[in-house]
Each structure stands twice: as C-alpha cells, then as structure tokens.
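For reference, the chains in residue letters:
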Amino acid sequence: MWPLELVREGQHVMTVCNACRYCEQYCPVFPAMERRLTFTAQDLGYLASLCHNCGECLYACQYAPPHEFGINVPRTLAAIRLRSYEEYCWPRALGGSFRRNGVVAALALAAALIAFMFLAAWLGGGRLFAPNPQGDFYAVVPHAAMVALFGAVGLFVAAAIAIGVNRFWRDVQHDGRSSPGSGDVARGLRDALTLRHLHGSGPDCTSNEEERSPWRRLFHHATFYGFLLCFASTTVAAIYHSVFGWHAPYPYTSIPVLLGTAGGTGLVIGPAGLLALRRRRDPALTAPDYGGLDESFIVLLLLTSITGLALLVLRDSGLMGALLVVHLGFVLALFLTLPYGKFVHGFYRTAALVKHAIEGRGTV
Ligand code: SF4
Ligand code: SF4
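Small disclaimer: the values here were computed from a predicted structure and weren't measured. (Residues numbered from 1 in each chain as written. Chains lettered and ligands numbered in written order. Predicted model: local features only at pLDDT ≥ 70, side-chain atom pairs only at ≥ 80, totals over all residues. Heavy atoms only, no water.)

A look at the packing of helix H3 (residues 41-50) against helix H13 (residues 343-359)
Working step 1: For the pair H3 and H13, the least separation of the axes is 8 Å and the interaxial angle reads 105°. Our classification of the angle between H3 and H13 gives roughly perpendicular. On the side of H3, the interface is formed by Tyr-46, Ser-49 and Leu-50, while H13 contributes His-345, Tyr-348, Arg-349, Ala-352, Leu-353, Lys-355, His-356 and Glu-359. (Axes fitted to C-alpha atoms, helices over the stretch in contact; angles between N-to-C directions. Helix = DSSP H or I, 4+ residues; strand = E, 2+ residues; numbered from the N terminus. Parallel < 35°, antiparallel > 145°, perpendicular 65-115°, else oblique. Contact = heavy atoms within 4.5 Å.)

In structure tokens form, the structure reads like this:
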C-alpha cells in the first residue's frame, strides 16, 4: 500500500545517512537507522515516527539540496510519517480524507454537524435562543441525547485508534525482536511525555537555520496537557452526574470547571502558537502534499477550545443555546477526525519510542 516512490526516496536518504552518520547524536532516528542495513516500508514508518521534524539534521547536512544527493531527512520522514496515518488508520477508506484540503474538509464537516445539531435541537424543542438564566445545557440538548451521541462517537474513535496503533505496532515489530518489558514502556512514556528529543542537540528547538527558541516545545506541552486537563474535566463531570447525581452547570470554582478552564486555556495557547510557528517555519522542512492533515487537527482543537471557553463565560446569557450547539459541533468534528490526522502521531510516536527503548537496552 505504501507509494513506491516515497519508499524509494526514504531508502535513498537512509542509505546515504547510514554511510555518513554525521548526525548520529541528534535524535533517536540515527541510532535506530544504524541498527539496520536495509530499510523496508515498515522500518521507514518506524523511523518517521521517531522524527520530531526539528530540522537539525537538514541544516547540518553536507548532502542537502542543491547537492546532487538531495538529502532532506526531515521532509522525507515528514512525508512518510503523514502517509503512515493513512496506512494504519481504520477504516482505511477514510485515510485520505484530509490529505490535501484538510482544513477545508474539517471545517465543512464541523459546519454540517452544527447545522444538523441545530435542526435536531430545534425539532426536539430545545431552548436554542430562549433566555436560560440557570445555564441549563440539558434544556437545549437533552442529557440522554448527548450521552448517546458522544458515547457512540467515543467508542468508534477509541476502536479506530486502537486498531491503528495495533497495525503500527505489528509493523514496527515485524523484525521479531523481543517484546517490551515494563522498563521499555516506562522509558518510552518518559521520552514522549517530556518531549525529550524535541530540542535536538541544544536546550532549545531549531525553528529555522541559525534560529533557536523554546516555543515549539512549550506550545506542544500546552496542547498536550491542555487536552489531558479537558479530558479530566469531562471525566469528573460524568462522575458527578452519574455517581453523585450532581447536574451541570457547575460553579466556576468546582473541580470540573477549574480543570476545563485550565485545559481550555492551554488548548487555545498551544494550538494558536503552533499555527503561528507553522507560518514562520522553514518550508524546506515540511512535506508539501500533506500540509492540511496536520493543520486540520490544530484548527479544530483551537475552535473547540475557543467556543468552549466562550460557552463558559456566556452560559447564563441568551446566547448559550446557540453557542452550545456550535461548540458540540466542533467537538464532534474533532472527535471524528482524531483517528485520521495528527492526533495519532502521539500514539505512534510513543510506540516507536518504546521500540527504540527495546533496541537500545543498556544505553541511557
Ligand atoms: S543528514 Fe546529511 S549529514 Fe546527517 S547523517 Fe544524513 S547524510 Fe550525513
Ligand atoms: S529532523 Fe530532527 S528529529 Fe528528525 S531526523 Fe533530523 S535531527 Fe532527528
């Protein structure tokens, strides 16, 4: 299923790098590459998930364009990495949906879901535009309808991601090396959660040639931990509702609202910062055909958080009903696209780091 041209390019680049080895201290890609003499498509998918696209090895490379070898590791691995989302996703038919016009497709999906939910809420007698001084979300969309819709979508997304990760892991382990132990998993998780390798050979990350800043790492952290806090907020709210019978809306000082506010703020700062950085990044580092795939996830994340925070601030106003439907539409679109874009990189990268830990047992 992997495009032959892309595999050949990956093999060419890795074969030259394997002979040169100048960049072997930069990141786990190079030690992992050095353990191989030939590179299958599966090997390339593994190496691509180890790459952070920092750019360090491009700026150091004596064989980079215009040299006739044309070595550009970050761009080649970015193209393979983005292609791997399509290779491993389930169902595969949806894999290419966001490849080219990713942002437009994601926004069109959100708009369609918002229109559908407006219609459903209106037909169901939801108080879309009526004053709602108690900020009662369930007067707009009944609790049972929310649970049924988001429960079904959540199960689908969890199954799709689990199948994708399983396919990725099966390919990564195709060499039949030993299974991961608890130490390998702990080391992989530590490296993933701390973004240990993002800043290459310096304290900060390269963003362009001769330019270093901590922002890419910080915005990544804000996005990831903001997402976790929002997830924790939803989980606590679900426990409040189903175990204790305490129904939303919760006070501004309650645990779900505090977690959601902190998480939502992180999810505005992180994605907005990453989008701004993308505009400034050296275009030589990115895979030209796949730009929308990365951006569609970041844009939906940003719109989901902005509408979520606006909903929190305006929940007692007459705008609450319409805002709730718009927010839920963006959340649904975000959930439905999670298995087909940048989000899965977190899982594949962690799995690749666990594999790297297995291969590097005995090293730091
Ligand atoms: S990126 Fe260039 S300098 Fe670095 S190992 Fe590969 S060929 Fe050598
Ligand atoms: S771009 Fe950075 S992370 Fe990717 S292979 Fe080069 S040095 Fe490693």
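Looking at the nonpolar core
Working step 1: Ranked by size, the top nonpolar core spans 42 residues in total, and within it Met-14, Cys-17, Phe-30 and Val-73 carry the most contacts.
Working step 2: Taken together, the elements giving at least two residues each to this core come down to helix H1 (4-20), helix H2 (29-34), H3, helix H5 (73-88), helix H7 (143-172) and H13.
Working step 3: With 37 residues, the next largest nonpolar core counts Tyr-240, Tyr-250, Val-331 and Leu-332 among its residues. (Core = buried A, V, L, I, M, F, W, Y, C linked by side-chain atoms within 4.5 Å. Buried < 20%, exposed > 50% of the residue type's maximum accessible area, 1.4 Å probe, protein only.)

Focus on the site of ligand 2
Working step 1: Taken together, 13 residues are adjacent to ligand 2, and Cys-27, Cys-51, His-52, Cys-54 and Cys-57 come closest.
Working step 2: More than half of the atoms of ligand 2 fall within 2 Å of the grid points belonging to the second largest cavity.
Working step 3: If you list the elements that add at least two residues to the shell around ligand 2, you get H2, helix H4 (56-60) and H5.
Working step 4: Here the residues of the shell around ligand 2 are counted per class, giving nine nonpolar, three polar and one charged. (Near = heavy atom within 4 Å. 1 Å grid on protein atoms, 1.4 Å probe; cavity = no way out; pocket = protein on both sides within 12 Å on 5 of 7 lines; lining within 4 Å. Sits in = over half its atoms within 2 Å of the grid points. Nonpolar A, V, L, I, M, F, W, Y, C, P; charged D, E, K, R; others polar.)

Section: the environment of Cys-205
Working step 1: With respect to the secondary-structure elements, Cys-205 resides in strand E1 (residues 205-208).
Working step 2: Along the primary structure Cys-205 and Arg-216 are separated by eleven residues, whereas in three dimensions their C-alpha atoms are 6.9 Å apart.
Working step 3: If we ignore the near neighbours within four places in the chain, the residues touching Cys-205 are Leu-198, His-199, Glu-211, Arg-212, Ser-213, Arg-216 and Arg-217.

A short note on empty space enclosed by the protein
Working step 1: Following the criterion strictly, the structure yields four cavities of 30 Å³ or more and no others.
Working step 2: Quantified by volume, the largest cavity comes out at close to 100 Å³.
Working step 3: Taken together, 13 residues make up the lining of the largest cavity; nearest its centre are Cys-17, Cys-20, Cys-23, Phe-30 and Cys-61.
Working step 4: The leading source of residues in the lining of the largest cavity is H1, at three residues.
Working step 5: Class assignment of the residues belonging to the lining of the largest cavity gives a composition of eleven nonpolar, one polar and one charged.
Working step 6: There is about 80 Å³ of room inside the second largest cavity.
Working step 7: If you go around the second largest cavity, the residues you meet are Cys-27, Val-29, Phe-30, Leu-50, Cys-51, His-52, Asn-53, Cys-54, Gly-55, Cys-57, Val-73 and His-197.
Working step 8: Class assignment for the residues of the lining of the second largest cavity results in eight nonpolar, four polar and no charged. (Points joined across faces, edges and corners; volume = space filled by probe spheres on them.)

Thoughts on the packing of aromatic side chains
Working step 1: By the definition in use, this model includes 17 aromatic pairs.
Working step 2: Consider the rings of Tyr-88 and Tyr-348, whose centres lie 5.9 Å apart with planes at 90°: the pair is edge-to-face. In this pair, Tyr-88 sits in helix H5 while Tyr-348 sits in helix H13, placing the two residues 260 residues apart along the sequence.
Working step 3: Ring geometry for Phe-343 against Phe-347: centres 5.5 Å apart, planes inclined by 65°, an arrangement best described as edge-to-face. Linking Phe-343 with Phe-347, this pair stays in helix H13, spanning four residues, or about one helical turn.
Working step 4: On the basis of relative accessible area, Phe-347 is assigned to the partly exposed category, the value being 37%.
Working step 5: In textbook terms, an aromatic cluster arises when at least three aromatic residues are bridged by ring pairs, as seen for Trp-2, Tyr-85, Tyr-88, Phe-168 and Tyr-348.
Working step 6: Lying over the aromatic face of Tyr-252, Arg-315 brings its terminal NZ or CZ to 4.3 Å of the ring centre. (Phe/Tyr/Trp six-rings, centres within 6.5 Å; stacked < 30°, edge-to-face > 60°. Lys NZ or Arg CZ within 6 Å of the ring centre and 35° of its normal.)

Focus: the site of ligand 1
Working step 1: Near ligand 1 the following residues occur: Cys-17, Cys-20, Arg-21, Tyr-22, Cys-23, Phe-30, Cys-57, Cys-61, Gln-62, Tyr-63 and Val-73.
Working step 2: In this structure the site holding ligand 1 corresponds to the largest cavity.
Working step 3: Looking at the shell around ligand 1 residue by residue, the classes come out as nine nonpolar, one polar and one charged.

Re the side chain of Thr-304
Working step 1: By the element assignment, Thr-304 lies in helix H11 (residues 291-313).
Working step 2: Sequence-distant contacts of Thr-304, that is, excluding residues within four places in its chain, are made with His-327, Phe-330, Val-331 and Leu-334.

Section: helix H8 (residues 182-193)
Working step 1: Counted at 1.5 Å a residue, the expected span for H8 with its twelve residues is 16 Å, and the 16 Å between its end C-alpha atoms agrees.
Working step 2: Inspection of H8 places Asp-184, Arg-187, Gly-188, Asp-191 and Ala-192 among the buried residues, and these make up the whole buried set. Angularly, the buried residues of H8 cover 130° about the axis, an arc narrow enough to put them on a single face.
Working step 3: Taken together, the buried residues of H8 touch H13.
Working step 4: Note on H8: the residue one or two positions beyond its end, Leu-195, has a positive phi of about 50°. (Expected span 1.5 Å × (residues − 1). Arc of directions from axis to C-beta.)

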